[in-house]
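A structural walkthrough
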Amino acid sequence: MQRLFKNARFAGVLLLALLLSACARSPVLLETTKASLTPQTELSQVPFYAQTEYQCGPATLAMVLNHQGVDTSVEQLIPQVFLPGRDGSVQPEMLATVRRYKQLAIPIRGTMDALLSHLEAGDPVVVMQNLALPAFPMWHYAVAIGFDLPNETLILRSGEIERHTMSFSRFDATWARTGRWGFVVSEPGTLPDGVTARNALEAISAYEEIHGPQAALSSWQILVERHPSNAMAQFALGNALYAEGEADGAKQAFKQATVLEPSMGAAWLNLAIMQLQQQNSDEAREALIQAAALEGEWQLRAQQLLDEI
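Before going into details, it helps to say that this report is about the structure given with it. (Residues numbered from 1 in each chain as written. Predicted model: local features only at pLDDT ≥ 70, side-chain atom pairs only at ≥ 80, totals over all residues. Heavy atoms only, no water.)

1. A word on the environment of Ala-240
By the secondary structure assignment, Ala-240 is in helix α10 (residues 231-243). Classification of Ala-240 as buried rests on a relative accessible area of 0%. Residues Ala-240 and Glu-208, 32 residues apart in the sequence, show an inter-C-alpha distance of 9.3 Å. (Helix = DSSP H or I, 4+ residues; strand = E, 2+ residues; numbered from the N terminus. Buried < 20%, exposed > 50% of the residue type's maximum accessible area, 1.4 Å probe, protein only.)

Written out as structure tokens, the structure reads:
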């Protein structure tokens, strides 16, 4: 009976391995990505901390935060991100903890092209994997630190292995089961290359909620510099400049937001308020008319100011 039990167990493990490998297909990289990447990249300076059971979240955060020069440790991070009832860490706590240490946590585009490009630029990437089947998930965090393009392998700080290599296809299969979730850590006032405007907006807005608009000002400035045609970035910059007492800069940012997105009622209202403060009644009236004509929470305030004028 003992021999039969061992054989049956081995067959189950083998079946699981076959199912996992059957899902693994080599991700297709864009030709432009292949042409722009160096054959091998490895961020060997990223520190390594072995991940004990259920504590891969704190360990991965310690690696990327220490890499950024932040003074913290796995032990300090455990109570901030480890949820005993969940036997691990969940994404919101991971991102929120990075922000508590006054760093931006910026989601990356969920593609192998984006992942490899971030590594090429020198940015380690925290990735989330499901190492089992979708119906029986085994969630795991790791830090991608490099790749070997000719051999199509990714290099990770993972678990108790300092330099864990996985084929692109095997990694992408485990990554895809998490929606290809990953993020990079950046100092305020900087944006890694390849970050989308939408993801940057999300990251800076979340940072601003904790630390305030003045602390986020430099990040909004670099975002507008990188994406000058993004109306929401211009609007957010206007709010941060206003908080800093830079009235002219704030007014210009709000005005640019209305040019880029004429249906942005909040930008019209803020622009009108700035113009009223600078005694530009005629210009303020025109902006308030625009704001009052657009449905939204700004509409009532815009009409009240119009009536006062």
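2. Focus: the packing of helix α3 (residues 56-67) against helix α5 (residues 91-100)
Helix packing for two helices is described by the angle between their axes and how far apart those axes are. Between α3 and α5, whose axes approach to 11 Å, the crossing angle comes to 35 degrees. With respect to the hand of their crossing, α3 and α5 are arranged in right-handed fashion. Along its contact with α3, which presents Gly-57, Thr-60, Leu-61 and Leu-65, the element α5 presents Met-94, Thr-97 and Val-98. Its residues placed into classes, the contact of α3 with α5 shows 4 nonpolar, 3 polar and no charged. (Axes fitted to C-alpha atoms, helices over the stretch in contact; angles between N-to-C directions. Left-handed = near helix turned anticlockwise from the far one by under 90°. Contact = heavy atoms within 4.5 Å. Nonpolar A, V, L, I, M, F, W, Y, C, P; charged D, E, K, R; others polar.)

3. Some thoughts on the nonpolar core
Nonpolar side chains in soluble globular proteins tend to end up buried together. The biggest cluster of nonpolar side chains holds 89 residues, and the ones touching the most others in it are Leu-115, Leu-116, Leu-154, Phe-171, Phe-183 and Trp-220. Both domains that furnish three or more residues to this core are identified here as domain 1 (31-186) and domain 2 (216-308). Residues contacting Phe-183, with those up to four places away along its chain left out, are Leu-61, Leu-95, Val-98, Ala-105, Ile-106, Pro-107, Ile-108, Pro-124, Val-125 and Val-126. (Core = buried A, V, L, I, M, F, W, Y, C linked by side-chain atoms within 4.5 Å. Domains from an automatic or database assignment.)

4. Details of the environment of Thr-41
You can see Thr-41 is positioned in strand β1 (residues 40-42). With a relative accessible area of 12%, Thr-41 lands in the buried category. Side chain to side chain, Thr-41 and Glu-120 meet in a polar contact 3.0 Å long. (Polar contact = N/O pair within 3.5 Å; in protein donor to acceptor, adjacent residues only side chain to side chain.)

5. Side note on the pairing of strand β5 (residues 153-158)
Among the 6 residues of β5, 5 are classified as buried, and the element is accordingly described as predominantly covered. Relative to β5, strand β4 (residues 139-148) runs antiparallel, the two sharing 5 bridges. Considered in β5, the bridge of Ala-144 is made with Leu-156. Counting the residues between successive antiparallel strands, the hairpin from β4 to β5 contains 4 residues, one of them, Glu-152, with a positive phi of roughly 50 degrees. Looking at chain direction, β5 and strand β6 (residues 161-167) are connected through 5 bridges and run antiparallel. Among the inter-strand pairings, Ile-155 is bridged to a residue of β6, identified as Thr-165. From the end of β5 to the start of β6, which pair antiparallel, there are 2 residues, and Gly-159 there has a positive phi angle of about 60 degrees. (Pairing = 2+ DSSP bridges.)

6. Some remarks on the packing of aromatic side chains
Counted by the stated rule, this structure contains 4 aromatic pairs. Ring geometry for Tyr-141 against Trp-181: centres 6.1 Å apart, planes inclined by 65 degrees, an arrangement best described as edge-to-face. Placement of Tyr-141 in strand β4 and of Trp-181 in the loop between α7 (168-176) and β7 (182-186) is noted, with a sequence separation of 40 residues between them. Side by side, Tyr-141 and Trp-181 carry an identical accessibility label, which is buried. (Phe/Tyr/Trp six-rings, centres within 6.5 Å; stacked < 30°, edge-to-face > 60°.)

7. Focus: unusual backbone geometry
One non-glycine residue, Glu-152, lies in the positive phi region at around 50 degrees. You can see Glu-152 is positioned in the loop between β4 and β5. A positive phi angle is found at Arg-180, which is not glycine, with a value near 55 degrees. When you line up the elements, Arg-180 lands in the loop between α7 and β7. Judged by its relative accessible area of 28%, Arg-180 is partly exposed.

8. Looking at the packing of α10 against helix α11 (residues 247-260)
Viewed as axis vectors pointing N to C, α10 and α11 meet at an angle of 160 degrees, and their least axial separation amounts to 8 Å. The angle between α10 and α11 falls in the class roughly antiparallel. Handedness of the crossing formed by α10 with α11: left-handed. From α10, Ala-231, Gln-234, Phe-235, Leu-237, Gly-238, Asn-239, Leu-241 and Tyr-242 reach across to α11, where they touch Gly-249, Ala-250, Ala-253, Phe-254, Gln-256, Ala-257 and Leu-260. The residue inventory of the contact of α10 with α11, partitioned by class, reads 10 nonpolar, 5 polar and no charged. (Parallel < 35°, antiparallel > 145°, perpendicular 65-115°, else oblique.)

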